[in-house]
Amino acid sequence: MKRIKKINKKVMIIGMIVIIILITLTSMKKINTNIINKDKQAEIIEEFSWEAKAFNINDDYTYTYEVLIIIQETEGIDTVAYTKDGEEIVINANRKQKLAIDYQALENTDYEFKITPYGGQEKTEILHVERRVSGKDTYKLVNGIYVNTPYLENFNSKNTRYLSITNNDTLKIGNWINNQEPENWYDYANQKWANIYVEAEGAEGYYVWIPKYMYKLNEETQRTDVKFVDVYNNYIDATTKEVTTYGELIEQGYKLPEAFEYGDGNNLLDSNIMLTTSISGYWISKYQLNSLKEFNINYEATANNNNIVINNFTNNVTDKALKYTYSINGEIVNTVNTLGNYTFGNLNSGENYTINITALGQNDTVVGSMTKVISTNNE
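Residues numbered from 1 in each chain as written. Predicted model: local features only at pLDDT ≥ 70, side-chain atom pairs only at ≥ 80, totals over all residues. Heavy atoms only, no water.

1. Concerning the layout of surface pockets
A probe matching the size of a water molecule, rolled over the atoms, marks out where space remains unfilled.
Part 1 of the argument: For the largest pocket, the calculated volume is near 220 Å³.
Part 2 of the argument: Lining the largest pocket, in full, are I145, Y188, A189, Q191, W193, Y213, V226 and F228. (1 Å grid on protein atoms, 1.4 Å probe; cavity = no way out; pocket = protein on both sides within 12 Å on 5 of 7 lines; lining within 4 Å. Points joined across faces, edges and corners; volume = space filled by probe spheres on them.)

2. Notes on the sheet that holds strand 24 (residues 342-344)
The pairing of strands in a sheet happens through backbone hydrogen bonds and is either parallel or antiparallel.
Part 1 of the argument: Taken in spatial order, the three strands of this open sheet run 20-21-24, and their pairing is antiparallel. Looking at which strands have only one partner, the edges of the open sheet turn out to be strand 20 (297-303) and strand 24. Recorded for the sheet is a direction-independent mean angle of 30 degrees between the axes of neighbouring strands. (Pairing = 2+ DSSP bridges. Helix = DSSP H or I, 4+ residues; strand = E, 2+ residues; numbered from the N terminus. Axes fitted to C-alpha atoms, helices over the stretch in contact; angles between N-to-C directions.)

3. Considering the packing of aromatic side chains
For any pair of aromatic rings, geometry is given as the distance between the ring centres together with the angle between the planes.
Part 1 of the argument: Per the counting criterion, the structure on display carries 22 aromatic pairs.
Part 2 of the argument: Aromatic pair Y103 and F113: ring centres 5.2 Å apart, planes at 70 degrees, arrangement edge-to-face. Here Y103, found in strand 3 (residues 87-106), pairs with F113, found in strand 4 (residues 110-117); they are 10 residues apart in sequence, far enough to count as distant. For the pair formed by Y103 and F113, the shared burial category is buried.
Part 3 of the argument: Note on W193 and F228: the rings are 6.4 Å apart at their centroids and 70 degrees apart in plane angle, and the pair reads as edge-to-face. Of the two residues, W193 is situated in the loop between strand 10 (171-176) and strand 11 (195-200) and F228 in strand 14 (residues 223-228); the sequence distance between them amounts to 35 residues.
Part 4 of the argument: Of the residues examined, W193 reaches a relative accessible area of 27% and is grouped as partly exposed.
Part 5 of the argument: Its relative accessible area of 8% is what places F228 among the buried residues.
Part 6 of the argument: Joined through ring pairs, the aromatic side chains of Y162, W185, Y186, Y188, W193 and F228 make up one cluster.
Part 7 of the argument: One residue, K227, lies across the ring of Y235, its end atom 4.6 Å from the ring centre.
Part 8 of the argument: Positioned above the aromatic ring of Y299, the side-chain terminus of K372 is 4.7 Å from the ring centre. (Phe/Tyr/Trp six-rings, centres within 6.5 Å; stacked < 30°, edge-to-face > 60°. Buried < 20%, exposed > 50% of the residue type's maximum accessible area, 1.4 Å probe, protein only. Lys NZ or Arg CZ within 6 Å of the ring centre and 35° of its normal.)

Now the structure itself:
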């Protein structure tokens, strides 16, 4: 009995040793796995990037930017060479994988940075900073004058239509803006400005496009001279094609309204310096979008798989309306003199359709409109 106990005791000791060894091996395996994962996380891609933090306006009205440059190399960086203030600078990075450099860059100028990765060949990267602008390709010759053309991308094409100025200075409704703009939609040389009409479920608004301009007040005549400029504030004479730069316009006494440049408060390096965006123009509301208790035009709609039927009309402009248009997805498909039920047929099942009824008065002016999105049934 004693012998058996001794054998059992030895077996227990051996078993405990085996368990300890297994636990140790398992722990070592987990530690090695964690080390491998950390190595993978440490790997970074090769990158040359920059971020403009702020800018200064120089005496000649060019822009100098405060730039933060980020250089990354997977195997580490040996050296970085570049020119600053006419002097060559060489940084020994000691195999750092990431390097940040503060730099001042004049706009529209190329700066070379020669980067030698650890154990690799030298390569050249170019820093080129341009002013942040919106609508830089919109400055065009239209009706005898250079002007920034209207920017419509932010409007819903299903709710927005062109408005043209007629000979008697009324605003005539046109196509939706996903169609071609009307001929002679605007003429800024003769003070005919671009207008649009926006309507959604009966709430309507009128907007006019203000292209970027600079102005100067003649103190003797008290008249204001306006020059339409591009996003970089330069002016082109339509007759001579002569370019007057922003700096020259400033020297001549012209001023730029603050509305055409706005600042980004998240990119401040200094309380007096801010990164801005120059815009080509802006839309201003001529009349606020109204909230109607009683719509000028309204209707109900019923839909099946292939048809949408509109009926049960509300018409509060019968004394002003001369005709009514029925439209689907921005296309007029029916025009009548009296408002009545109508069926939009041959539609696809399970799709959304934009339905509009517009009441028109003298010279095709809008006296009432209602746009709704209607879905056909899905079988």
